[in-house]
Amino acid sequence: FFFQAEDGIRDFCLSRGLGDVYKRQLCALQAAGILKYLITQNTDGLHRKSGFPVSKLSELHGNTNLEICKDCGREYLRDYRTRNASQVHDHRTGRLCENSECKGELHDSIINFGEGLPEKAMENGFEESKKADLCLALGSSLRVTPAADMPKYTVRKGGNLVIVNLQRTPLDKVCSLRINSFID
């Protein structure tokens, strides 16, 4: 049900979470041409595994199943977690690039606290946020920057922001709709 909150924001409450519905539907929305780009802070790799096009995806905090060759840039999506380092900032996985002309060390793609976010994923995320007419913030506190700044670009250019989260966020006052619910 909808109701008007004291702060003037339209709220929608669900007594139950959305479950896996959103995970299955994001690919369908993209295939239908509705969802143009997906920016995620999740590291579980489910967006890639679901078949979401990599060219339409920014994984800001990495992917537990993705290894990258530091020499040639080749990526390997595995069906297992690639991280096995004993030191927090040691990203070597112990495997080598399968390109016979390279054989460089493979590194996991997880971003730890204090490490920079992937430059291309960040640039693409901000660019797509500027072009969007609607931003859906699903299950995010919208407190961790710079990712939390991306929806602001959509709103600044006149687009709408819909937030689905249990707790309030710093962007609640500028969102068009807030849905109080679990995501998964």
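Conventions and cut-offs
- Throughout this description, residue numbers start from 1 for each chain and increase along the sequence as written.
- Thresholds applied to this predicted model are a pLDDT of at least 70 for local features of residues and 80 or more for the giving and counting of side-chain atom pairs; totals over whole chains, interfaces and linings are not thresholded and use all residues.
- In computing side-chain properties, one takes all heavy atoms of the structure into account and sets aside hydrogens as well as water.
- To qualify as a helix, a DSSP run of H or I must reach at least 4 residues; to qualify as a strand, a run of E must reach at least 2; elements of each kind are numbered from the N terminus.
- A helix is expected to span 1.5 Å for every residue after the first.
- Between buried and exposed lies partly exposed: a residue is buried under 20% and exposed over 50% of the maximum accessible area for its type, with that area taken using a 1.4 Å probe on protein chains only.
- Along the arc lie the directions from the helix axis toward the C-beta atoms.
- Residue contacts follow a heavy-atom distance rule, with two residues in contact if any of their heavy atoms lie within 4.5 Å.
- Pairing between two strands is assigned when DSSP locates at least 2 bridges connecting them.
- In this analysis an axis means a line fitted to C-alpha atoms, helices contributing only their contacting stretch, and an angle means the value between N-to-C directions, from 0 to 180 degrees.
- By definition, a salt bridge exists where a carboxyl oxygen of Asp or Glu is found within 4 Å of a side-chain nitrogen of Lys or Arg.

Caption draft 1: Quick look at helix α3 (residues 119-131). The end-to-end C-alpha distance of α3 is 19 Å, a good match for the 18 Å that 13 residues give at a rise of 1.5 Å each. Residues of α3 that are buried include every one of A121, M122, G125, F126 and S129, and no others. Down the axis of α3, the smallest arc covering the buried residues is 125°, so these residues share one side. Residues of α3 that are exposed and angled more than 90 degrees away from the buried face: E119, K120 and K131. On its buried side, α3 packs onto β3 (38-40), β4 (57-59) and α4 (150-156).

Caption draft 2: Representation of the sheet that holds strand β5 (residues 66-69) in the model. Pairing is antiparallel across the open sheet formed by four strands, whose spatial order is β6-β5-β8-β7. For this open sheet the edge positions go to β6 (75-77) and β7 (92-96), each flanked by a neighbour on one side alone. Neighbour-to-neighbour, the strand axes of the sheet open up by a mean angle of 30°, direction not taken into account. With two bridges connecting them, β7 and strand β8 (residues 105-108) associate as antiparallel partners. For L96, the partnering residue across the bridge sits in β8 and is E105.

Caption draft 3: Main features of the pattern of salt bridges. For the coordinates displayed, the defined rule picks out twelve salt bridges. A salt bridge links R83 to D108, with the shortest nitrogen-to-oxygen separation between them at 2.7 Å. In this pair, R83 sits in the loop between β6 and β7 while D108 sits in strand β8, placing the two residues 25 residues apart along the sequence. When its relative accessible area of 28% is taken as the criterion, R83 is described as partly exposed. On the basis of relative accessible area, D108 is assigned to the buried category, the value being 4%. A salt bridge links D172 to R178; the nearest nitrogen and oxygen atoms lie 3.0 Å apart. Connected through shared salt-bridge partners, E67, R78, R95 and E98 make up one network.

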